[in-house]
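Spelled out, the chains give:
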Amino acid sequence: MPAIPMSNSGFFAPLFAYSDQAATYCRAGLQQLNGWYRLAEALDPWFSLALFLVCSMLMVYRLNVLERKGLEGTVLGTLVMPYASGFPNLMFAFSLGRQGGSGSVIVENCLVNNVTNLTLLIGLPALIWSLNIIPSRSAQAVHKPVSKLQRLNTLSLILTLVALFFFTGALWALGRDGWLDFSDGLVLVGIFLFWQVLHVFDVLKYNIHQRRSLPWTILVDALLVVALGAGVLQGIDRLVAWVMALGPGFILYDQLGILSGCLMVLPNAVLAAYYAWAGRADIVYSSQVGDGHICIPMCIGLFALFSVIQVPAQMNLGIMVILGAGMIHLFFVSVIGRLPRIMGALLTIAYGVFLYTGFMG
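Residues numbered from 1 in each chain as written. Predicted model: local features only at pLDDT ≥ 70, side-chain atom pairs only at ≥ 80, totals over all residues. Heavy atoms only, no water.

**Q** Got a sec to walk through the nonpolar core? Specific residues and values, please.
**A** Among the nonpolar cores identified, the biggest contains 59 residues, and I106, L131, L171, Y285, I296, I300 and L339 are the most heavily contacted of them. Among the elements that line this core, the one with the most residues is helix α14 (residues 281–304), at 13 residues. Beyond its immediate chain neighbours, meaning those up to four positions away, I296 contacts C110, L111, N114, F167, T168, L171 and I322. Core analysis: the second largest hydrophobic core is formed by 5 residues, F52, C55, L228 and V232 among them. (Core = buried A, V, L, I, M, F, W, Y, C linked by side-chain atoms within 4.5 Å. Buried < 20%, exposed > 50% of the residue type's maximum accessible area, 1.4 Å probe, protein only. Helix = DSSP H or I, 4+ residues; strand = E, 2+ residues; numbered from the N terminus. Contact = heavy atoms within 4.5 Å.)

**Q** Can you lay out the packing of helix α5 (residues 103–118) against α14 for me, pointing to particular residues and giving the numbers?
**A** Put simply, α5 and α14 touch, their axes get as near as 9 Å, and they point 170 degrees apart. The orientation of α5 relative to α14 falls into the category roughly antiparallel. When α5 is examined against α14, the residues G103, I106, V107, C110, L111, N113, N114, N117 and L118 are found in contact with a partner set consisting of Q288, V289, D291, G292, C295, I296, C299, I300 and F303. Class assignment for the residues of the contact of α5 with α14 results in 11 nonpolar, 6 polar and 1 charged. (Axes fitted to C-alpha atoms, helices over the stretch in contact; angles between N-to-C directions. Parallel < 35°, antiparallel > 145°, perpendicular 65-115°, else oblique. Nonpolar A, V, L, I, M, F, W, Y, C, P; charged D, E, K, R; others polar.)

**Q** I'd love a proper account of the packing of aromatic side chains, names of residues and values included.
**A** Tallied over the entire structure, the rule returns 4 aromatic pairs. Taking 6.1 Å as the distance between ring centres and 45 degrees as the angle between the ring planes, the aromatic pair formed by Y274 and W277 counts as tilted. Taken together, the residues Y274 and W277, both in helix α13 (residues 266–277) and 3 residues apart, mark about one turn of the helix. In this structure Y274 comes out as partly exposed when scored by relative accessible area, which is 38%. Where F331 meets F332, the ring centres are 5.1 Å apart and the plane angle is 80 degrees; that geometry is what we call edge-to-face. You can call F331 partly exposed: its relative accessible area is 44%. Note on F332: relative accessible area 12%, which makes it buried. In textbook terms, an aromatic cluster arises when at least three aromatic residues are bridged by ring pairs, as seen for Y274, Y275 and W277. (Phe/Tyr/Trp six-rings, centres within 6.5 Å; stacked < 30°, edge-to-face > 60°.)

**Q** I'd like to hear about the side chain of H329, residue by residue, with values.
**A** Checked against the element boundaries, H329 lands in helix α15 (residues 315–336). A polar atom in the side chain of H329 sits 2.6 Å from the backbone oxygen of L118. Residues within four places of H329 in sequence aside, it is in contact with L118, I122, L161, Y285, L339 and L347. (Polar contact = N/O pair within 3.5 Å; in protein donor to acceptor, adjacent residues only side chain to side chain.)

**Q** Report on the environment of L159, specifying residues and quantitative values.
**A** Checked against the element boundaries, L159 lands in helix α8 (residues 144–174). Classification of L159 as partly exposed rests on a relative accessible area of 48%. L159 sits 171 residues away from L330 along the chain, and the two C-alpha atoms are 9.5 Å apart.

Here it is as structure tokens:
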């Protein structure tokens, strides 16, 4: 019986031709990707910074879509927005831990982030647009259903502010010995996850009460957020590697925790400005306070699960500022129902004083 010739001729010729052509295209594609990667390296740190900012802003943009799909009001600010605006902080903690960074940098990053949220990013919108949680009596007389919804959102916001005191107090109590170890990390991550579970059930109860269900298209938005999150991680990972390569002696290296904390709040600044302009003071508040929960306790607890953190000397100062600002917001939200412009100005000034005297001074 004659043997079948194994050559590129005859019946198998088109198959081998297509295979060779596909391999050629793959090699060309890999070479092009390698060229783009080398170009990105040559443009660093600006390329990585642009990648981080663009992906972060697009993640925040998707929140407007989610608000119309069953995640509304204060629940949107406390459950969904923090994961979009606070995702860079989580990725910074992951990237720094993977590259052997110091846990003190994470604590500084989270403290600066939370102080910025509670002072500058709430105070400045209040100064420019004013933040009215509860509408005036004349507005309530015209829109009674809206008034009820506003009052419910106010109660949820008060609960979110109270949680701020528990989370920050837990960090202070666990770090009194100067260290945050694996057990401390378990406690911090555990209380954060429990807090999120409560909000998940809150969403489910709200939708049952309104007799509606969450649409399946939320999954599409979730996939988009995951894809954008990969871009955020890549940008932060490259920025951290670039700064770590500088070594001690450069301000970017020596003040990494402070500068990164200021950088990570840029998506939050966009959120605060947009919703303050739109007249949604409840979302301004809940998004900023909810983002603070991502940092304290989640980011610090997550880092402590992988590496012991030595508590920096500035932690007590940061905690006092956070608790003080939280008390101010709790008073004006629960008693007056709005943050006056004068208080917005004072909080903005307090932020500059905090950075200069507390950390950079």
